Amino acid sequence: LYSSAASDVYKRQFNFSRTWNTIIVNPNSHVGSLTDAIVKRTVKHHNKMEYFSAPILLRFQKSFGKIELGMGTGIGLNFIKTQTGKSLNFNNQIAIYPITENDLLPVSNFFLSYHLRPYLNYALDEKISLQLRTDFRFQNFGESDFYQLKYSSTFWGLSAGVQYKF
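**Student:** Lay out the overall build of the protein chain with the relevant residues and their values.
**Tutor:** Each helix and strand in the protein chain was counted, giving zero helices and eight strands. Each helix and strand of the protein chain, placed in order from N terminus to C terminus, yields the pattern β-β-β-β-β-β-β-β. Counting across all 166 residues of the protein chain, residues that qualify as buried make up 26%. Roughly 11,300 Å² of accessible area belongs to the protein chain as shown, and the carbon and sulfur atoms make up 58% of that amount.

What follows is the structure in structure tokens.
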């Protein structure tokens, strides 16, 4: 069992488009006849979230000479420090947040994440090894009053480094 705390900054920019069918007044008609139309609205989102993460992981490993294969799995306890950005709220209105301390925010002050971290170590000597690791993380933000829906995200990454054992 092991844990390591970290402070993360999560930035994202994305475009959200919504298309729907509607009826509009035909501008070429003298009597104002109605015409079927398709409307598309695209909003560029700029969001930043700073949070403190404390993953609690259980690690399994197997050694084959200088090579060690392992897997870390567990949960993360995540505490939001700040949230800023621009997004569409549940009324399809562009909302810039936070405006006041009591505003609705996209993510609650605490959320859980689920981690899976397979890794490969190659020992250079008994204290130093090279490590290649893949990180998979599912973040469950729960029910959001801002969006009026359940909100989650999935991350994965690849890292390489040197590991030193004290």
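**Student:** If you had to explain the environment of Asn 47 to someone new, which residues and values would you point to?
**Tutor:** Note on placement: Asn 47 falls in strand S3 (residues 34-64). C-alpha of Asn 47 to C-alpha of Gln 83: the two residues are 36 residues apart in sequence and 7.5 Å apart in space. At a separation of 2.8 Å, a polar atom in the side chain of Asn 47 contacts the side chain of Tyr 97.

**Student:** Explain the pattern of salt bridges residue by residue, including any values.
**Tutor:** Enumeration over the complete set of coordinates arrives at three salt bridges. For the salt bridge of Glu 50 with Lys 48, the shortest nitrogen-to-oxygen distance reads 3.8 Å. Using a relative accessible area of 25% as the deciding quantity, one classes Glu 50 as partly exposed. For the salt bridge of Arg 117 with Asp 135, the shortest nitrogen-to-oxygen distance reads 3.4 Å. With Arg 117 in strand S6 (residues 110-123) and Asp 135 in strand S7 (residues 128-144), the pair connects residues that are 18 residues apart, well separated along the chain. Residue classification places Arg 117 among the buried positions, given a relative accessible area of 13%. Several salt bridges converge on common partners, so that one network encompasses Arg 117, Arg 133 and Asp 135.

**Student:** Now, about the packing of aromatic side chains: what can you tell me, with residues and values included?
**Tutor:** Given two aromatic rings, their pairing is described by the distance between the two centres and the angle made by the two planes. One pass over the structure, following the stated rule, counts five aromatic pairs. Judged by centre distance (6.3 Å) and plane angle (25°), the ring pair of Tyr 114 and Phe 138 falls under stacked. Note that Tyr 114 is positioned in strand S6 and Phe 138 in strand S7, a separation of 24 residues in sequence. By relative accessible area, Phe 138 is classed as partly exposed at 33%. Residues Tyr 164 and Phe 166 carry aromatic rings whose centres are separated by 5.1 Å and whose planes lie at 80° to one another, so their mutual orientation is edge-to-face. With a relative accessible area of 90%, Phe 166 lands in the exposed category. Directly above the ring of Phe 155 sits Arg 137, whose terminal nitrogen or CZ lies 5.1 Å from the centroid.

Cut-offs applied
Residues numbered from 1 in each chain as written. Predicted model: local features only at pLDDT ≥ 70, side-chain atom pairs only at ≥ 80, totals over all residues. Heavy atoms only, no water. Helix = DSSP H or I, 4+ residues; strand = E, 2+ residues; numbered from the N terminus. Buried < 20%, exposed > 50% of the residue type's maximum accessible area, 1.4 Å probe, protein only. Areas by Shrake-Rupley, 256 points an atom, 1.4 Å probe, with all protein chains shown as cover. Polar contact = N/O pair within 3.5 Å; in protein donor to acceptor, adjacent residues only side chain to side chain. Salt bridge = Lys/Arg side-chain N within 4 Å of Asp/Glu carboxyl O. Phe/Tyr/Trp six-rings, centres within 6.5 Å; stacked < 30°, edge-to-face > 60°. Lys NZ or Arg CZ within 6 Å of the ring centre and 35° of its normal.

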